[in-house]
Each structure stands twice: as structure tokens, then as C-alpha cells.
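Summary of the model geometry
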Amino acid sequence: MQFLLQRSLLPDHDFAEPLLYVREAGAVQRGDQAAEVGAGGVLSFDTSFGVFHAGRWRRLTTVDRLAVRVVATGVGRAEVVAVTRGREQVIASAELTNEPIDLPVGSLRAATWGVLYVRIVATGVCHVQHVEWHTDVAGGHDVRLSLSITTFNRQAYVIPTVTKVLNLVRGLDALRGRVRVLVVDNANNVDFGQAESDDLTVVPNRNLGGAGGFARGLMWLREKQWATHVLFMDDDINLETESLVRTVALFAYARDAQLCVHGAMISEERQWMQFESGSRYLWRSLYPLRALGQEDDLRERSLVLRDAKERRFAYSAWWYTAFPINITRDNPLPVFVRGDDVAFGLMHTGRHTVALNGVAVWHADFHLKNNPSSLFYEMRNFATIDTLVFDRHRWWHLAQRFLALSFRNLFGFRYSSAEYMIRGMRAFLAGPQALAEVDHTALHDELRQVSEEKPAPLSVEHAAVPMSTPLPKPVRLIGFILAVPFLGGFLLPAGARSTALRTAPIDSRAVGLALRHDRILYRHDRLPEGFVCTRDRARFVALWRDVFSVIGQLARSYGRLKREYRAAYPSLVSDAAWQRRFDGVSAAPKR
């Protein structure tokens, strides 16, 4: 009997980046997940989604004997190519027939292969569908995986995703009866056009953000006692459903019973560019989140064929994070959005987490989602996380980050961002009791009313402003340094400043540019979206007063707050506290 580990697929004919799946030479015509190869043509799966990462499967799993099934017919030859430290060698081959062919590959444990891939060489006309990688011994773990998707008015994404998943699960023996879908509907309005069944459940929920949706899903799955593993997944992604095949197989054969799997995020705008494949967390740093594999070009063959060792994760984001349901009894922190996955990873899943080629989603550019309300959550939530997780974290570490980020926002005219950061710090300083009792639904509705510094379609006038050529880094550094003695340009004579509108990247804080200009257009580098920020002396001075007032309060109260947050953590993440939130009452009702 053969057990499926992964498939190497062909993309739809109109997919923008076919080099993620397959390489072609000669007479090749692709359709949807199939191809016709003419005499002399070559089709090979030496791609990011096509290779079998032998080194990783050997290190992480108990898989030994491998076999390949090539689902192709016609006149030609199928070859299995092993890549070991850059050297490529054909280790198995067979002539195509009128039926799929099976090629024994050998012992994974006895070999030193880095990656394996299949190449099809046509001597006549061949029709190719896909490649399957099998082993002949069942995995040591019983795997029943439930997706837990939290959604809020994202029908355009979540309905196609769930439909694709169910079609795959119901049509593939390796997943049928082993994968289910749970959708937590924070908007109470999603309709999948089909009755609920064993493999599809929709749970209505209050809008308690991603944290509330994932907490609801986790608690529901624990109560039902069917799932051995849970996959947290965002509702605004485009999923490569083959990810589920590989995830289930990894869990079944895992050496570490607590193995967790993270799906890489690929840019929806540039479908070849990896945004993140796991992340480190440097709590002393100004920007603690450090994505791994950022801006990797997944089409690059040299990157694909390297036996990259597993990198240590601090956490994995919840656009695709799968983990054993018994890894912890803790639920997510009640922080609505931003950082719930970071806390969960730092405390529970991160050290067990791995990535695997082909386990991936596409996601829209985060820069278009960011706005000042995001900074409220980031400041409050990451301060809370650092306080809970890191014993050596002190008030001055948080003060340094807050002061530096305030400087960048205020000197770059991003006053609304600074206001929301200050508000986030004050929410942290209010302590864990306030976090437990806050009405997150009402708070979020209030926060998102912000009208400034939100990416929006540019007017005709602003769209016509040419992108400013970035100055050399030493020049930008000089401008950054001079911003301090000249108070961001306020101490420059009016005649030394320009009223011309200059542009800066939407995710930047243009401190040096703002020194000599009174208006800055922050805009996306590829999309016609952005916003304008303008110099405002009164607002600048008032916000600096607030910044230093907050830092003084932080210095006085941090020690007490750290003790209180740590003491309150078990209650904050408990089933009882979350159930009260789901029921719409205070997490700590007053009598």
C-alpha cells in the first residue's frame, strides 16, 4: 500500500507565475493543471512548489522508502533527479506508457539527497498531469486536521477558499475523512451555499477580532474532541490547497509529536516574491519582528535546489499556522488583532515550527492594511507581549522603542500615527484589568473611524506627482541627524523650506525629507494609493508633551504592571473569560 506525501502539480494556464510550479523547454502547451509536451520538449518540476525536499523530510520525519508516481501518458521518459550539494544525478527513470508509471526511488534514510525532482523528456507527444510522492509505511500519528478560519465580511476571499478546500478533501483519498473546515463568522453573514456537514461547520460569533475568532474556534474544537491538529488560517488569503496534503503528511510522520507547520506568505501583487516564511522576534529592537526569507524570488532555481536547513522560528503568523491541539490549554490573548499570533508562538508553538516548500498562501500587501489604528494595537499588544514573555525586559526597553517611533512619526508629519501610539501605550499602562474588561468590539469601531494616514486612491493631482528619486543613504542620514537640532524643520527660516509636494514610500517615516518640506505624499510604489501629511506646529508640540508624560508614567509603574500582567495571564486566556466575551458581558463583571 502506498501513502501520499506530496504532489507536484501544474498551475492553471492563466496563472501569472508558472515558474513556481514547473519549468518548460521546447514544445509545451499548458492547460489548467495539465500540459501537452511535443517531441523534444522537456517539462521539469525543479521549482519551489515542485521539488521534494528530501533533506527536510529526512530530518523531520520517519519516512524511509520513497516512490514516485508520474501521472502522464505518451511517448517519452520520466526521470527522478537527485540534487546533492549542487550536483545533479538521475537516480531513476522509466519510459512513459498509456498509464501512470511508478518509479521506486530508494531509501531516504540511507541517502544524502538534498532535494528530488521529476523531469519529463518527450520523444513524441506526452500528456502530463502531475507527480505524486509516496512511501509504503503508514505514519506513526493519527492525524485529523481541522481548519479554523476567522472571517469578517471577506466573502470574496473566504468562499472560494473554503470551496477549493472542500473540493480537494472530498476528492482525494489521502485527505477524505481527515480534514474538516470550521469557519468562525464574526460578521454573522457568510453563506457557502451548501448545508453544514461533517466537514463544514460555521459558528457565528461577536466581532472580537482575529484573537476572538481563533479563540472561539479553538475552544469549539476542543469541546468536539475530533481534531488532533488545528490550522489557523486568515480569511483574506489565496491558498495553495496542496499545502494541506503536505501538512497532513508531515504531521503523520513527524519525529516531534508537537511539530507545527507554517505556510509562507507570498505577495498577492508580485506572486513570485516571498514576504515571510516564519519570523524571529528581537524584543530589544526598534522593529522586533524580523521576517525570514523576505523578498526571496521563489522562481530562482538556485534557491529551490538548495537543501536549506530548518531555521529557528520565534513565531508563525496566523495566515497559515498548523499545530497539535494539545500543545497548550491556553487560548489567544484578548488583544483583538496584531500580536495574538506572536504571543501564542513565543509561548507555545514557535520552537516546534517548520516551513516546507509548497506550503504557502498569497496575501495582499500589508502596507495597504496599515493605518494609525494599527499602531494602537501594535503599541499596546507588543508592550503586553514583551512584559509577559521576557524576564529581562525592563521599562527602558519599552521607553526607547516608544520614543524612537514617536520621533519618526512626529518628525515625518505622521501626527495621527503618533496619537494612536500614545493611546496604545496608555491602554497598556491601564493594566491587565482594563484589558480584561474592555469592550473590544466598541473600541475597534471607534478606532477605525480614523480618517488620516489611511491608504486611499490618489486624486488625479496627486497621482500626477512623480515619485521622488531616493537620495543616497549618507545624505538621508545627514537629514535625519539635522532634524534634531532644527526640530524637524520648525527652526529653519520659512524661506529655507519648500512648499512643493514631495513623495516618500508609504511604509516610511520621511524624517530627512520633512526637514525642508511642509507636505509629503506617502504613496505605494506599485499601486496608485497613498495620503498626504502636512506640517503642524501646534500638534507637534502637544504630542511631544504627551510622549514624555507617558514615558514618565511608564518608568514609575512598569515593575508593578509586569507583576500584574503575569499574574493575570492565566485568567486572560482562560475558557471562562473568553466565554464571557462571546456572551457579550464583561470578562470581570462588577457586582
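1. Quick word on the side chain of Asp297
Mapping Asp297 onto the fold places it in the loop between strand S18 (289-291) and helix H5 (301-304). Setting aside chain neighbours within four positions, we find Asp297 in contact with Trp272 and Leu303.

2. Points about a nonpolar patch on the surface
A cluster of nonpolar side chains, contributed by Ile478, Leu482, Phe486, Leu487 and Leu491, occupies part of the molecular surface with about 420 Å² of accessible area. Mapped onto the elements, Leu487 comes out in the loop between helix H13 (473-482) and strand S22 (502-505). Among the residues examined, Leu487 registers a relative accessible area of 33% and is labelled partly exposed.

3. Structural notes on the sheet that holds S22
Spatial strand order, S21-S24-S23-S22: four strands in an open sheet with mixed pairing. Edge positions in the sheet fall to strand S21 (456-457) and S22, since each of these pairs with one other strand and no more. Across five bridges, strand S23 (residues 519-523) lies against strand S24 (residues 529-534) in antiparallel orientation. Paired with Ile520 across the strands is Cys533, a residue of S24.

4. Quick look at the pattern of salt bridges
All told, the structure shown has 34 salt bridges when counted by the stated rule. Here Glu310 ties to Arg56 by a salt bridge, and the two come within 2.9 Å at their closest N and O atoms. Of this pair, Glu310 sits in the loop between H5 and strand S19 (321-324) while Arg56 sits in helix H1 (residues 54-60), and the two are 254 residues apart along the sequence. The shortest N-O distance in the salt bridge between Asp518 and Arg497 comes to 3.0 Å. Taken as a pair, Asp518 in the loop between helix H14 (511-514) and S23 and Arg497 in the loop between H13 and S22 lie far apart in primary sequence, 21 residues in all. The buried category is assigned to Asp518, whose relative accessible area is 18%. Linked by salt bridges that have partners in common, Arg23, Asp46, Glu88 and Arg301 make up one network.

5. Some words on the pairing of strand S7 (residues 87-95)
Summarising the sheet, strand S6 (residues 65-84) and S7 pair through eight bridges and their orientation is antiparallel. Within the sheet, the bridge partner assigned to Ala78 lies in S7 and is Ala94. Between S6 and S7, which pair antiparallel in sequence order, lie two residues; one of them, Arg85, sits at a positive phi of approximately 50 degrees.

6. Points about the packing of helix H3 (residues 209-224) against helix H16 (residues 575-582)
Geometrically, a packed helix pair is captured by the angle between its two axes and the distance between the axes. The geometry of H3 relative to H16 is characterised by a closest axis approach of 11 Å and an angle of 120 degrees between their N-to-C directions. Taken together, the axes of H3 and H16 are oblique relative to one another. Note that H3 runs across H16; the crossing there is left-handed. Facing H3, whose interface residues are Ala211, Gly212, Ala215, Arg216, Met219 and Arg222, H16 presents Asp575, Trp578, Gln579 and Phe582. The residue makeup of the contact of H3 with H16, split by class, is five nonpolar, two polar and three charged.

7. A few points about the packing of aromatic side chains
Per the counting criterion, the structure on display carries 29 aromatic pairs. Their ring planes at 80 degrees and their centres at 5.1 Å tell us that Phe232 and Phe323 sit as a pair that is edge-to-face. Residue Phe232 is located in strand S13 (residues 229-233), and its partner Phe323 is located in strand S19; the two are separated by 91 residues in the primary sequence. Here Phe232 matches Phe323 in class, with each residue buried. Judged by centre distance (6.0 Å) and plane angle (85 degrees), the ring pair of Trp395 and Trp396 falls under edge-to-face. Pairwise contacts between aromatic rings join Phe407, Phe411, Phe490, Phe540, Trp544 and Phe548 into one cluster. Over the aromatic face of Trp578 sits the side chain of Arg581, whose NZ or CZ is 4.7 Å from the ring centroid.

8. Some words on the side chain of Asn371
Residue placement: Asn371 occurs in the loop between strand S20 (353-363) and helix H7 (372-389). Among the residues examined, Asn371 registers a relative accessible area of 16% and is labelled buried. A distance of 2.4 Å separates the side chain of Asn371 from the side chain of Ser373, its partner in a polar contact. Apart from the residues lying within four places of it in its own chain, the contact partners of Asn371 are Val450, Glu453 and Lys454.

9. As for the environment of Asp235
Structurally, Asp235 can be placed in the loop between S13 and strand S14 (237-239). Considered as a pair, Asp235 and Val183 are 52 residues apart in the sequence and their alpha carbons are 9.2 Å apart. Apart from residues no more than four positions distant in its own chain, Asp235 is found in contact with Ile149, Thr150, Thr151, Phe152, Arg154, Tyr157 and Val158. Of note is the side chain of Asp235, whose polar atom sits 3.0 Å from the side chain of Thr151. A distance of 3.1 Å separates a polar side-chain atom of Asp235 from the backbone nitrogen of Phe152.

10. Notes on the pairing of S24
Relative to S24, S21 runs antiparallel, the two sharing two bridges. Bridging from a neighbouring strand, Ala456 pairs with Gly530 of S24. Here S23 folds back onto S24, and the loop between the two strands holds five residues.

11. Remarks on the confidence of the model for the protein chain
The pLDDT averaged across the protein chain works out to 93; a share of 98% of its residues lies at or above 70. Under a pLDDT of 50 for its full length, residues 586-591 has, in the predicted model, 11 contacts with residues more than four places off or in other chains.

12. Describing a positive patch on the surface
A contiguous patch of positive charge on the surface is contributed by Arg280, Arg290, Arg306 and Arg311. Take Arg306: it is sitting in the loop between H5 and S19. For Arg306, a relative accessible area of 48% gives the class partly exposed.

13. Description of H16
Among the residues making up H16, those that are buried are Ala577, Trp578, Arg581 and Phe582. Looking down the long axis of H16, one finds its buried residues gathered within 140 degrees of arc, a one-sided arrangement. Against H3, helix H10 (432-437) and helix H15 (537-572) lie the buried residues of H16. After H16 finishes, the residue Gly584 shows a positive phi value of roughly 85 degrees.

14. With respect to unusual backbone geometry
Non-glycine residue Gln225 carries a positive phi angle of around 60 degrees. Tracing the backbone shows Gln225 in the loop between H3 and S13. On the basis of relative accessibility, which here comes to 68%, the residue Gln225 falls in the exposed class. Backbone geometry places Glu295, a non-glycine residue, at a positive phi of 65 degrees. Looking at the element boundaries, Glu295 is found in the loop between S18 and H5.

What counts, and at which threshold
Residues numbered from 1 in each chain as written. Predicted model: local features only at pLDDT ≥ 70, side-chain atom pairs only at ≥ 80, totals over all residues. Heavy atoms only, no water. Helix = DSSP H or I, 4+ residues; strand = E, 2+ residues; numbered from the N terminus. Contact = heavy atoms within 4.5 Å. Patch = residues over 30% accessible without salt bridge, like charges linked within 9 Å, V, L, I, M, F, W, Y side chains within 5 Å. Areas by Shrake-Rupley, 256 points an atom, 1.4 Å probe, with all protein chains shown as cover. Salt bridge = Lys/Arg side-chain N within 4 Å of Asp/Glu carboxyl O. Buried < 20%, exposed > 50% of the residue type's maximum accessible area, 1.4 Å probe, protein only. Pairing = 2+ DSSP bridges. Axes fitted to C-alpha atoms, helices over the stretch in contact; angles between N-to-C directions. Parallel < 35°, antiparallel > 145°, perpendicular 65-115°, else oblique. Left-handed = near helix turned anticlockwise from the far one by under 90°. Nonpolar A, V, L, I, M, F, W, Y, C, P; charged D, E, K, R; others polar. Phe/Tyr/Trp six-rings, centres within 6.5 Å; stacked < 30°, edge-to-face > 60°. Lys NZ or Arg CZ within 6 Å of the ring centre and 35° of its normal. Polar contact = N/O pair within 3.5 Å; in protein donor to acceptor, adjacent residues only side chain to side chain. pLDDT = per-residue confidence, 0-100. Lys, Arg positive; Asp, Glu negative; His and termini not counted. Charge placed at Lys NZ, Arg CZ, Asp CG, Glu CD. Arc of directions from axis to C-beta.

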